[in-house]
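One letter stands for each residue in the lines below.
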Amino acid sequence: MNKPEILIIDDEPQIRKLLEITLESNDYKVWQSASGKEGIILAAHHPPELILLDIGLPDKSGHEILKELRTWYNKSIIMLSV
């Protein structure tokens, strides 16, 4: 059986690791990205069931990434903020 996939787009390695450990221990497959551009590419190649998207990213704001994703991605996106 395939595990549901979740994409984490966050530039903080500690946050990505915490989310990865938590999600994988609950039987999810996790993809990770430290930048918005890379996150969009991963989402296009491996469309996840859910995206966890940080508002503050180094290359573009999470709001910009959200706008780009919403042109083709229609599943749930949860915005993360410190």
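The sections below set out a description of the structure shown in this document. (Residues numbered from 1 in each chain as written. Predicted model: local features only at pLDDT ≥ 70, side-chain atom pairs only at ≥ 80, totals over all residues. Heavy atoms only, no water.)

## Digging into helix H1 (residues 13-25)
Part 1: Across its 13 residues, H1 extends 18 Å between first and last C-alpha, which sits within 8% of the 18 Å expected from 1.5 Å per residue.
Part 2: Of the positions making up H1, those classed as buried are Arg 16, Glu 20 and Leu 23. With its buried residues spanning 80 degrees around the axis, H1 presents them on a single face. Turned more than 90 degrees off the buried face of H1, the exposed positions are Gln 14, Leu 18 and Ser 25.
Part 3: Contacts made by the buried residues of H1 are with strand E1 (5-9), strand E2 (29-33) and strand E3 (50-54).
Part 4: Phi for Asp 27, located one or two positions after H1, is positive at around 70 degrees. (Helix = DSSP H or I, 4+ residues; strand = E, 2+ residues; numbered from the N terminus. Expected span 1.5 Å × (residues − 1). Buried < 20%, exposed > 50% of the residue type's maximum accessible area, 1.4 Å probe, protein only. Arc of directions from axis to C-beta. Contact = heavy atoms within 4.5 Å.)

## What about the sheet that holds E3?
Part 1: A sheet is described by the order of its strands in space; here four strands give the open sequence E2-E1-E3-E4, paired in parallel fashion. Strands with a single pairing partner mark the edges of an open sheet, and in this sheet they are E2 and strand E4 (76-80). Ignoring which end each strand starts from, the neighbouring axes of this sheet average 20 degrees apart.
Part 2: Most of the contacts of H1 go to E2, to which it runs at about 170 degrees, and overall it touches E1, E2, E3 and E4. (Pairing = 2+ DSSP bridges. Axes fitted to C-alpha atoms, helices over the stretch in contact; angles between N-to-C directions.)

## Concerning the side chain of Arg 16
Part 1: With respect to the helices, strands and loops of the structure, Arg 16 is situated in helix H1.
Part 2: Although Arg 16 is buried, it forms no salt bridge, and the closest oppositely charged side chain is Asp 10 at an N-O distance of 5.5 Å.
Part 3: What Arg 16 contacts, discounting residues up to four positions off in sequence, is Ile 8, Asp 10, Asp 11, Gln 32, Ser 33 and Ala 34. (Lys, Arg positive; Asp, Glu negative; His and termini not counted. Salt bridge = Lys/Arg side-chain N within 4 Å of Asp/Glu carboxyl O.)

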